[in-house]
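Spelled out, the chains give:
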Amino acid sequence: LHVARNEDYYFPEIAEMRRREYVVKKGDTLWQIARRHGVTVEKIRKANKSLSASARLQLGQRIQMPG
């Protein structure tokens, strides 16, 4: 029971696979994406090292959404 409740600790590769991915669509902003998924822009940037403060989103870009 303990292992099942703490599977992210014991099986980090499974937690990584559960991460959601978002594909940028026309007109998307990082703020809108964050709001739609109930996370902060800061958390999205931490999950995606390529998204610096000055980076622009590209149509079709794949963004990892924090869990």
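Residues numbered from 1 in each chain as written. Predicted model: local features only at pLDDT ≥ 70, side-chain atom pairs only at ≥ 80, totals over all residues. Heavy atoms only, no water.

Asker: Looking at this structure, I do not really get the nonpolar core. What am I missing?
Answerer: Nonpolar side chains in soluble globular proteins generally cluster together in the buried interior. Judged by nonpolar contacts, Tyr22, Val24, Leu30, Ile33, Ala34, Val39, Ile44, Leu51, Ile63 and Met65 together constitute the single largest core of 10 residues. Listing elements by their share of this core, those giving two or more residues are helix 4 (30-37) and strand 2 (62-65). Here the element with the most residues in this core is helix 4; it accounts for 3 residues. (Core = buried A, V, L, I, M, F, W, Y, C linked by side-chain atoms within 4.5 Å. Buried < 20%, exposed > 50% of the residue type's maximum accessible area, 1.4 Å probe, protein only. Helix = DSSP H or I, 4+ residues; strand = E, 2+ residues; numbered from the N terminus.)

Asker: Sorry if this is basic, but what is going on with the environment of Val41 here?
Answerer: Note on placement: Val41 falls in helix 5 (residues 41-47). By relative accessible area, which is 21% here, Val41 ends up partly exposed. Through-space distance from the C-alpha of Val41 to that of Leu51 is 9.8 Å; in sequence the pair is 10 residues apart. When residues no more than four places from it in sequence are discounted, the contact partners of Val41 are Leu30, Trp31 and Ala34. (Contact = heavy atoms within 4.5 Å.)

Asker: How should I be thinking about a nonpolar patch on the surface in this particular structure?
Answerer: Taken together, the side chains of Val3, Tyr9, Tyr10 and Phe11 present a nonpolar region at the surface, about 420 Å² in accessible area. On the basis of relative accessible area, Phe11 is assigned to the partly exposed category, the value being 36%. (Patch = residues over 30% accessible without salt bridge, like charges linked within 9 Å, V, L, I, M, F, W, Y side chains within 5 Å. Areas by Shrake-Rupley, 256 points an atom, 1.4 Å probe, with all protein chains shown as cover. Salt bridge = Lys/Arg side-chain N within 4 Å of Asp/Glu carboxyl O.)

Asker: What exactly am I supposed to notice about the pattern of salt bridges here?
Answerer: Close approach of charged atoms allows side chains with opposite charge to pair. Evaluated as defined, the whole model comprises 3 salt bridges. Across the pair Asp28 and Arg36 runs a salt bridge, and its minimum N-O distance is 3.1 Å. A residue is classified by how much of its surface remains accessible, and Asp28, at 14% relative accessible area, is buried. The residue Lys46 makes a salt bridge to Glu42 at a minimum N-O spacing of 3.3 Å. One end of the pair, Lys46, and the other, Glu42, are both in helix 5, 4 residues apart, so they sit about a helical turn from each other.

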